[in-house]
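Residue-level structural notes
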Amino acid sequence: MADRGISTQANGRAGRRQLLARWCHRTGMLPLLRRLRGVSRHDLRVLAYHRVLESTEPHGFSFDTELISASADAFREQMAHLRRHFSPMRFGEVLERIERGRTLPKDAVLVTFDDGYDDNYRVAFPILRELDMSAMFFVSTGHIDSGRPYAYDWLVHMICSTRADRLRAPELGLDRALGATLAERRAQAAELLDRLKGLRDERQAALIARLEVEWNMPRRQGHPDCRPMTWEQLREMHRDGMEVGSHGVHHRMLAKLPRERMVAEVKESKATLERELGAPVDVLSYPVGGPDAFDHATVEAVRAAGFRMACSYVSGAGIVAPRTLYALPRLPVERQMDRAWFEAMVAMPEVFGYASRLRTG
Ligand SMILES: [Zn+2]
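Predicted model, so just to flag it, every value in this text is computed and none were measured. (Residues numbered from 1 in each chain as written. Predicted model: local features only at pLDDT ≥ 70, side-chain atom pairs only at ≥ 80, totals over all residues. Heavy atoms only, no water.)

Another aspect to go through is the pairing of strand 8 (residues 174-177). In terms of strand pairing, strand 7 (residues 166-169) meets strand 8 through four bridges, oriented antiparallel. Bridging from a neighbouring strand, Arg 166 pairs with Ala 177 of strand 8. Linking strand 7 back to strand 8 in an antiparallel pair, the connection comprises four residues, with Gly 173 at a positive phi of about 65°. (Pairing = 2+ DSSP bridges. Helix = DSSP H or I, 4+ residues; strand = E, 2+ residues; numbered from the N terminus.)

Here the focus is empty space enclosed by the protein. For the structure on display, the rule yields one cavity of 30 Å³ or more. Surrounding the largest cavity, Arg 34, Arg 37, Gly 38, Arg 41, His 42, Asp 43, Arg 45, Leu 104, Pro 105, Lys 106 and Asp 107 form its lining. Top contributing element to the lining of the largest cavity by residue count: helix 2 (residues 30-40), with three residues. Looking at side-chain class alone, the lining of the largest cavity contains two nonpolar, two polar and seven charged residues. (1 Å grid on protein atoms, 1.4 Å probe; cavity = no way out; pocket = protein on both sides within 12 Å on 5 of 7 lines; lining within 4 Å. Points joined across faces, edges and corners; volume = space filled by probe spheres on them. Nonpolar A, V, L, I, M, F, W, Y, C, P; charged D, E, K, R; others polar.)

Before going further, it helps to spend a moment on helix 10 (residues 259-277). Taking 1.5 Å per residue as the helical rise, helix 10 with its 19 residues ought to reach 27 Å, and the 27 Å between its terminal C-alpha atoms agrees with that figure. Every buried residue belonging to helix 10 is among Met 262, Val 263, Glu 265, Val 266, Ser 269, Lys 270, Thr 272, Leu 273 and Leu 277, and all of these are buried. Of the surrounding elements, those touching the buried residues of helix 10 are strand 6 (136-139), helix 9 (231-239), strand 9 (243-246) and helix 11 (296-304). Trailing helix 10 by a residue or two, Gly 278 shows a phi angle of about 65°, which is positive. (Expected span 1.5 Å × (residues − 1). Buried < 20%, exposed > 50% of the residue type's maximum accessible area, 1.4 Å probe, protein only. Contact = heavy atoms within 4.5 Å.)

In this section: the environment of Leu 234. Assignment of secondary structure puts Leu 234 in helix 9. Given a relative accessible area of 0%, Leu 234 falls into the buried group. With residues up to four places along the chain from it excluded, the contact list for Leu 234 reads Val 139, Ile 144, Met 229, Val 244 and Leu 277.

To continue, consider the state of the cysteines. Considering all chains together, one arrives at zero disulfides under this definition. Considering cysteine sulfurs only, Cys 160 is the nearest to Cys 226, which forms no disulfide, with 12 Å between them. (Disulfide = S-S within 2.5 Å.)

Here the focus is the domain arrangement of the protein. We note that the domain assignment places domain 1 (8-147 + 227-358) and domain 2 (151-221) within the protein. Of note, the centres of domain 1 and domain 2, computed from C-alpha atoms alone, are 27 Å apart. Counting the surface domain 1 buries against domain 2, the share from its top three residues, Ser 62, Phe 63 and Lys 256, is 41%. Inspection of the region where domain 1 meets domain 2 yields two salt bridges. The tally of links between domain 1 and domain 2 comes to eleven residue pairs in polar contact (both at pLDDT 80 or more). (Domains from an automatic or database assignment. Buried area = accessible area lost by both parts, 1.4 Å probe. Salt bridge = Lys/Arg side-chain N within 4 Å of Asp/Glu carboxyl O. Polar contact = N/O pair within 3.5 Å; in protein donor to acceptor, adjacent residues only side chain to side chain.)

Another aspect to go through is the packing of helix 6 (residues 151-161) against helix 7 (residues 182-196). Where helix 6 meets helix 7, the closest approach of the two axes is 9 Å, and the angle between their N-to-C directions is 145°. Between helix 6 and helix 7 lies a crossing of right-handed hand. In contact with Tyr 152, Leu 155, Val 156, Ile 159, Cys 160 and Ser 161 of helix 6, helix 7 contributes Leu 182, Arg 185, Arg 186, Ala 189, Leu 192, Leu 193 and Leu 196. (Axes fitted to C-alpha atoms, helices over the stretch in contact; angles between N-to-C directions. Left-handed = near helix turned anticlockwise from the far one by under 90°.)

The next thing to look at is the pattern of salt bridges. Scanning the model with the defined rule gives 31 salt bridges in all. Taking the shortest distance from any N to any O, the salt bridge between Glu 171 and Arg 210 comes out at 2.8 Å. Of the two residues, Glu 171 is situated in the loop between strand 7 and strand 8 and Arg 210 in helix 8 (residues 201-214); the sequence distance between them amounts to 39 residues. Glu 274 is the partner of Lys 270 in a salt bridge, and the nearest nitrogen-oxygen pair spans 2.8 Å.

And the structure:
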């Protein structure tokens, strides 16, 4: 989490991309474009999901709808498309090939999930199993088994459901009336999250904690619509061929933490996962994952902790090479994507993927 703030201008771009995607889909050009692209580019597509729910517009939902990547039906269709037209892989296989100096198969693709929401187990996992597909689940270990909602998502929930009528965030120079409709509140939450993520970690945490007290909405009370998975669920998925990776301990932006705490998040998440799963954990995805969520020091800490690969949330398909191993770009999948757009994006990521500055995970 959490993906934010598609501006009006960006919506315009998304609109044009979607129209172009539909046209390419309708005219049957996509397979040809993909083959042509494959001649010159031999790269890895890593899809990034957060939540898969039965519906992308759940009734009475007060959490971040931008974290709903797809409905169950769309997800099934997307996975079936990858199986039919691409080479789905596991991170373990990719790492093995890299270490042996072997190339990846044509149209290699990986499926990833960030955060560790329980719908990953309830909704996505059965679909993956049904289609004999694997995926990587990057989880924030401090949330697993705790029932505790993720901080950014709780902030959205508070803004969408508080009875208070003003939002005061002096840290960000904000003092404004809260909107009367859910749509207005969602827009305000998106803007706040966007700006919040520019702050150092302790200031982000303090702002959220202050609103919890001011609005009497403690995060520890939890909510059925924002629940992390349990260790038992993760162990079952792992036994059944799913991969599990680190997304830190507390879902903190690693580059915004003091160095010792950043290193502790990296090391502790790995140790906890390995202890709970009884298997090595080789891959991490940087929480939030945009360019300001990780830096040189973070990459070094991740490498030193023994991770063999790391994913960013920068949009794109990457050549797998030593210099990109610790900042693999990904392709965010969004609930607004219809079938044509999804298929166009995986065929031609450069043309149909989201601009990276708009999406963070
Ligand atoms: Zn995340």
